[in-house]
Amino acid sequence: MDFGFTKEEESFRQEIRDYLSNELGPEPIGRTPEELFSREFSKKLAAKGWLGIGWPKEYGGLGRSFTEQLICSEEMMRARAPGGAHVLAQNMVGPALIRVGTDEQKREFLPKILSGDLVFCLGYTEPNAGTDLANCQTTALLDGDEYVINGQKMFTSFAEVADYAWMTVRTDPDAPKKHHGISMFIVNMKTPGIRVGSFDTMWGFPVYEVFFDNVRVPKTAVVGELNKGWSYLTVALDHERVFMGGTVAAHSRLYDDIVEYAKKTYRNGKLLSDDPIIRQRLAQLAVDLQIARLFAHRVAWILGQGVVPFAEASMTKIFTSELEQRVANTAMLILGLYGPLDEPQFPFKGYVGWEYKFSLMQAVGGGSNEIERILIAIAGLGLPRP
Ligand SMILES: Cc1cc2nc3c(=O)[nH]c(=O)nc-3n(C[C@H](O)[C@H](O)[C@H](O)COP(=O)(O)OP(=O)(O)OC[C@H]3O[C@@H](n4cnc5c(N)ncnc54)[C@H](O)[C@@H]3O)c2cc1C
């Protein structure tokens, strides 16, 4: 069995790698909001058609395979390219809209996502609805021809710069089961009554809270059918977890860089790569990275079959996020006290220290890994719900 890429896929990878190296220069750092978010860069990718590589041609995509889309994501990650402006729209909102959006929504939003003109944020988590998303308390109640939204979202990445929120709201407070009364809405973030607050984090990007105070939106804000939001949320979350699994390419890049560093750096007169503990750690990471890559390629293949992977999406998300922590941990071990130094004259220029902190949140964002394990037990193993 050959798990390799075809010649065409390899040449597509090279085309993207060359392009990114030209655009970004040899050594992007990729750890501040400015280095990871650029509408201008997203538009450049859009002009090449690279925001819709795996999207069907009828929706303006290139109609290529999900594997090719994954290749593009891998190269973007590897280059630490500033993909923040399009990442949620391209990988979660767009694919979910293609599956469940109304014709009007597809006409309105898909072309603007493909052209890099729209930044989306995802409004699921609330102060009392994180893991238990079905506990959504933000309401959207019909008043005449409009819905009126009241409530609060929490940890809404990109809320301050987003044009639209793709968000869950409770539209039927009397539904017998709480997940039956939820709808998915698309809300313009400029609508009067929306207020965004921000918090600093230890990895340097702010996270946001969003308040909705009598926010009036048209009926066309309802995605697909009313009160079907729970199933749409599941589709969007699975796409998000598939995407998070694809981040393995970024970890491979850091891994390659620390291997090179260990090969040529002496400490106490000895090469770091001669240290048996370091050799063991690096060898184990090589095994884990290979597994993570195979996971990522498998879920891309499943998507290519027209199926949304469920247990597999959780598996790839768990494995990759925990691997990210192990890579960061080993990088810190190898760099020693140089790791946390955030100064340009030292190796990795503070990137390793940043990644060490950033990797902690990956096990929580997109659904915590404890919950992902519960989902695998139910959907993958068929165990009864607790
Ligand atoms: C950097 C970052 C960005 C984020 N971006 C977004 C975003 O853009 N949009 C958005 O909507 N959300 C976002 N989130 C929120 C994220 O999805 C939630 O933090 C996550 O789903 C967990 O919810 P919570 O924080 O409310 O934790 P809680 O639900 O309060 O859980 C706290 C802890 O208890 C554990 N736990 C809870 N229930 C169980 C159980 N039954 N069994 C075992 N363990 C359990 C959890 O695993 C977790 O470790 C982001 C989070 C982070 C850290």
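Think of each chain on its own: its residues are numbered from 1, step by step along the sequence as written. Since the coordinates come from a predicted model, pLDDT governs what is reported: local features require at least 70, and pairs of side-chain atoms require 80 or more to be given and counted, while whole-chain, interface and lining totals use all residues. The side-chain values count all of the structure's non-hydrogen atoms but skip hydrogen atoms and water molecules.

### Thoughts on the site of the ligand
Taken together, the neighbourhood of the ligand is formed by 17 residues, with T125, T131, F155, S368 and E370 sitting nearest. L122 places a polar main-chain atom, nitrogen or oxygen, 2.7 Å from a nitrogen atom of the ligand. The definition of a polar contact used here is a pair of N or O atoms within 3.5 Å, where within protein one atom must be able to donate a hydrogen and the other to accept one, and adjacent residues in sequence count solely through side-chain atom pairs. The contact in question runs from a nitrogen atom of the ligand to an N or O atom on the side chain of S157, over 2.8 Å. Reported accessibility uses the Shrake-Rupley method at a 1.4 Å probe radius. Residues are deemed covered only where the shown protein chains occlude them. For the ligand, whose free accessible area comes to 980 Å², the fraction covered by protein is 64%. Only Asp, Glu, Lys and Arg are considered charged in this grouping, and only Ala, Val, Leu, Ile, Met, Phe, Trp, Tyr, Cys and Pro are considered nonpolar; every other residue, Gly among them, is considered polar. Here the shell around the ligand is built from residues that sort into eight nonpolar, eight polar and one charged. Here a residue is considered near a molecule or strand provided that any single heavy atom belonging to it is located within 4 Å of it.

### Some points on the packing of helix α8 (residues 248-264) against helix α9 (residues 276-304)
Every angle, taken between N-to-C directions, lies between 0 and 180 degrees, and every axis is a line fitted to C-alpha atoms, over only the stretch in contact when it is a helix. What counts as a helix is a DSSP run of H or I of at least four residues, what counts as a strand is a run of E of at least two, and both are numbered from the N terminus. Close contact between α8 and α9 brings their axes to 10 Å; oriented N to C, the two are set at 160°. Taken as axis vectors, α8 and α9 run roughly antiparallel relative to one another. Considering only the axes of α8 and α9, their crossing is left-handed. Across the interface between the two elements, V248, H251, S252, Y255, I258, V259 and A262 from α8 touch L282, L285, A286, L289, A292, R293 and A296 from α9. The labels follow the angle: roughly parallel below 35 degrees, roughly antiparallel above 145, roughly perpendicular from 65 to 115, and oblique for the rest. Here is the rule for handedness: rotate from the far helix to the near one, and if that takes an anticlockwise turn smaller than a right angle the crossing is left-handed, while a clockwise turn gives right-handed. In what follows, residue pairs with any heavy atoms lying within 4.5 Å of each other are defined as contacts.

### Here we look at the nonpolar core
Nonpolar side chains in soluble globular proteins tend to end up buried together. Ranked by internal contacts, the top residues of the largest apolar core, which has 33 residues, are L97, F120, Y124, W166, I186 and V223. Put simply, the parts of the chain that give this core at least two residues each are α5 (87-100), α6 (103-114), β1 (120-123), β4 (164-170), β5 (182-188), α7 (229-245) and α8. Broken down by element, this core gets its largest block of residues, nine residues, from α5. The residues contacting L97, other than those within four sequence positions of it, are Q105, K106, F109, L110, W166, I186 and V223. Among the nonpolar cores identified, the runner-up in size contains 32 residues, and I258, L272, A292 and M332 belong to it. Residues belong to one nonpolar core when they are buried, are Ala, Val, Leu, Ile, Met, Phe, Trp, Tyr or Cys, and are joined through side-chain atoms within 4.5 Å. Exposure classes here rest on a 1.4 Å probe applied to the protein chains alone. A residue is buried below 20% of its type maximum, exposed above 50%, and partly exposed in between.

### With respect to the layout of surface pockets
Cavities and pockets are found on a 1 Å grid laid over the protein atoms alone: a cavity is a set of points where a 1.4 Å probe fits but cannot escape, a pocket is an open set with protein on both sides within 12 Å along at least five of seven lines, and a lining residue has an atom within 4 Å of such a point. Grid points are joined across faces, edges and corners, and a volume is the space filled by probe spheres set on the points. By volume, the second largest pocket amounts to about 290 Å³. Along the walls of the second largest pocket sit ten residues, with F3, T67, H297, R298 and W301 positioned nearest its centre.

### A closer look at the packing of α9 against helix α10 (residues 311-335)
At a minimum axis distance of 9 Å, the contact between α9 and α10 shows a crossing angle of 155°. Taken as axis vectors, α9 and α10 run roughly antiparallel relative to one another. Our pair here, α9 against α10, has a crossing hand that is left-handed. Looking at the contact of α9 with α10 residue by residue, the class counts come to 18 nonpolar, four polar and five charged.

### Brief notes about the packing of aromatic side chains
The aromatic pairing rule takes the rings of Phe, Tyr and Trp, using the six-membered ring of Trp, and pairs them if the centres are within 6.5 Å, calling planes under 30 degrees apart stacked, those over 60 edge-to-face and the rest tilted. A complete count under the given rule lists 15 aromatic pairs for this structure. Between Y147 and F185, the ring centres sit 5.2 Å apart and the planes meet at 80°, which makes this aromatic pair edge-to-face. Placement of Y147 in strand β3 (residues 146-154) and of F185 in strand β5 is noted, with a sequence separation of 38 residues between them. Each member of the pair, Y147 together with F185, is buried. The ring of F5 is capped by R13, whose NZ or CZ atom sits 5.0 Å from the centre of that ring. Note on geometry: a ring has a charge over it if NZ (lysine) or CZ (arginine) is within 6 Å of the ring centre and within 35 degrees of the ring normal. The cationic tip of R80 hangs over the ring face of Y351; the distance from NZ or CZ to the ring centre is 3.7 Å.

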